[in-house]
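For reference, the chains in residue letters:
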Amino acid sequence: MAMTIPPCGKDRAIVIAALPRGGSNILWNLIASHPSVCLPRYEVREIIGRLGVVGKLIRKGFGLSPVIGPILRARFKSVAYDLKIACLEDEDQGQAAPDRRYRQEEIEETVVCLKSLMDDVALSSFIAATYAQCHFIGLVRNGFAFCDGVVRRGGSAEDAARLYSRTVNQILSQAETCEHFDVIRFEDVLEDPFAVSEKLFRFLGLEPSTLEHLRLKAKGKRGASGDYGVGFGEVDRHYWFDREEIVRALDPRIDKRQADCLSLSDRRTFGRIAELELARFGYLE
C-alpha cells in the first residue's frame, strides 16, 4: 500500500537502484518530472566521493554503526540536500514544470531522488536509515541489451554477465529487506512512460499522480541502422514532452536492436552465466 509522502525538507528520499547503462537516467528524469521531486544531480557514488573520509567510512560499512553511524548519515543527508538546493541555479534542473521554475521555499520541501548503480545498490539499508521515510525503485533491463553496451565499450560478455547477475540479485535482496521497494522493467517504461510514471507516483504517494508533461535528458542511443547517435536535442540537456511527443523521443525497440548486435558467441556466454536472472524477468527467448 502506498504511503503518502508529506512535505519533506531533509527527511524524505526516493532511491533508484539499477544497472549502469540500464535505463536509470530515463527513469530518474521521469520521476523528477514531478514538481515535488528534485535530483541532487549526482549519483550516490559521486555524492559519497565528495565526502572524503566520511565517504570511505560509509563504504566500509560504518554508516550503520550505533557509534559513528548517525554522524555519517547526517553528513550524507546534508550534502545531498545542498546539492538539491543548488538546482535553483541550474538552467535545466531548476524547472518544476515546462513553464515554471522552483522557488526557494518550494525546492526546500521537495523529495530528493537518489540513484544507486551496481554495488551502491547494497547501500540501500544505509540510505533507509538516513532518512525518516524512503522509497526504493529497482530497475532491471534485458541483459542481452545490457551486454551489448558493455561489449561496445571494450568489456567482455563474461564480465557483463557477472555484473548483471550480481546487481540484479542485489536489487532483489534489497527488495526483500527494505520497506517500500518496487521493482520494474525498463522495457515497460519505454512502452508507456506516462502509465508507468503514474503508477510510480501513486506508489510514492505523490500528488498529482497524473502529469501533462514528462522530462527526459538527451543522451546517445543506437539507431535503426546500428549507428550510435543522439536521439533528440542537445546532449545532456533536459526537454519536456507531452503524451504524443514522448513516443518520438523513446524507442521501445532499442533493447531488441542492441541485443541483436551481440555476436552469437557473446550471447551464449552471457546467457549461460546470467540464465536465472534473465529467466526471472522474461528475457530468455
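Further up the page is the structure itself.
The present account deals with the structure reproduced in this document. Note that this is a predicted model, so its numbers are computed, not measured.

What counts and what doesn't
- Each chain has its residues counted from 1, running along the sequence as written.
- Totals for whole chains, interfaces and linings use every residue, but because this is a predicted model, local features are given only for residues with pLDDT of at least 70 and side-chain atom pairs only at 80 or more, for both listing and counting.
- The side-chain numbers reported here are obtained from all heavy atoms of the structure, hydrogens and water having been left aside.
- Buried Ala, Val, Leu, Ile, Met, Phe, Trp, Tyr and Cys residues form a nonpolar core when they are joined through side-chain atoms within 4.5 Å.
- Any residue under 20% of the maximum accessible area for its type is buried, any over 50% is exposed, and the rest in between are partly exposed; the area is computed with a 1.4 Å probe on protein chains only.
- A helix here means a DSSP run of H or I that spans at least four residues, while a strand means a run of E at least two residues long, and both kinds are numbered starting from the N terminus.
- Polar contacts, as used here, are pairs of N or O atoms within 3.5 Å; protein pairs need one atom able to donate a hydrogen and one able to accept it. Residues neighboring in sequence count only if both atoms are side-chain atoms.
- A carboxyl oxygen of Asp or Glu within 4 Å of a side-chain nitrogen of Lys or Arg is what we treat as a salt bridge.
- Aromatic rings from Phe, Tyr and Trp, taking only the six-membered ring of Trp, are treated as a pair when their centres fall within 6.5 Å; an angle between ring planes under 30 degrees marks them as stacked, one over 60 as edge-to-face, and anything in between as tilted.
- By the criterion adopted, a ring carries a charge over it if an Arg CZ or a Lys NZ lies within 6 Å of its centre and within 35 degrees of its normal.

1. Here we look at the nonpolar core
Core analysis: the largest hydrophobic core is formed by 37 residues, its most contacted members being Ile 14, Ile 31, Ile 137 and Leu 216. Listed by contribution, the elements that provide at least two residues to this core are β1 (12-18), α1 (24-32), β5 (111-117), β6 (133-140), α9 (186-191), α10 (193-204), β8 (214-217) and α11 (245-249). If you look at the next biggest cluster of nonpolar residues, it comprises 25 residues, including Leu 72, Val 112, Phe 126 and Tyr 131.

2. Points about unusual backbone geometry
In this model, Glu 207 is joined to Pro 208 through a cis peptide bond whose omega is -5 degrees. Inspection of the secondary structure assignment puts Pro 208 in the loop between α10 and β8. In this structure, Asp 236 takes a positive phi of about 75 degrees despite not being glycine. Position of Asp 236 relative to the elements: it lies in the loop between β10 (228-230) and β11 (238-241).

3. Quick notes on the side chain of Asp 120
Among the secondary structure elements, Asp 120 is positioned in the loop between β5 and α6 (124-130). Classification of Asp 120 by relative accessible area gives buried; the value is 6%. Among the polar contacts listed, one links the side chain of Asp 120 to the side chain of Arg 59, at a separation of 2.4 Å.

4. Points about the pattern of salt bridges
Within this structure, the stated rule accounts for 21 salt bridges. In this structure, Arg 237 engages Asp 92 in a salt bridge whose closest nitrogen and oxygen atoms are separated by 3.1 Å. Residue Arg 237 is located in the loop between β10 and β11, and its partner Asp 92 is located in the loop between α4 (69-85) and β3 (95-97); the two are separated by 145 residues in the primary sequence. The class of Asp 92 is buried, set by a relative accessible area of 7%. For Asp 148, the salt bridge is made with Arg 152, and the minimal N-O distance between the two is 3.4 Å.

5. Structural notes on the packing of aromatic side chains
Applying the stated criterion across every chain yields a total of five aromatic pairs. Between the aromatic rings of Phe 76 and Phe 126, the centroid separation amounts to 5.5 Å while the plane-to-plane angle is 80 degrees, which identifies the pairing as edge-to-face. Remark: Phe 126 occurs in helix α6 and Phe 76 occurs in helix α4; sequence separation between them is 50 residues. Owing to a relative accessible area of 5%, Phe 126 belongs among the buried residues under this scheme. An aromatic cluster of at least three residues, connected via ring pairs, comprises Phe 144, Phe 146, Tyr 164 and Phe 270. When the ring centre of Tyr 42 is taken as reference, the NZ or CZ atom of Arg 50 above it lies at 4.3 Å. In this structure, Arg 267 packs its charged tip against the face of Phe 144, placed 4.0 Å from the ring centre.

6. Describing α1
Two residues of an α-helix separated by three or four positions point the same way, owing to the 3.6 residues in each turn. Along α1, nine of the nine residues are buried, which leaves the element largely enclosed by surrounding structure. Taken residue by residue, α1 has Ser 24, Asn 25, Ile 26, Leu 27, Trp 28, Asn 29, Leu 30, Ile 31 and Ala 32 as its buried positions.

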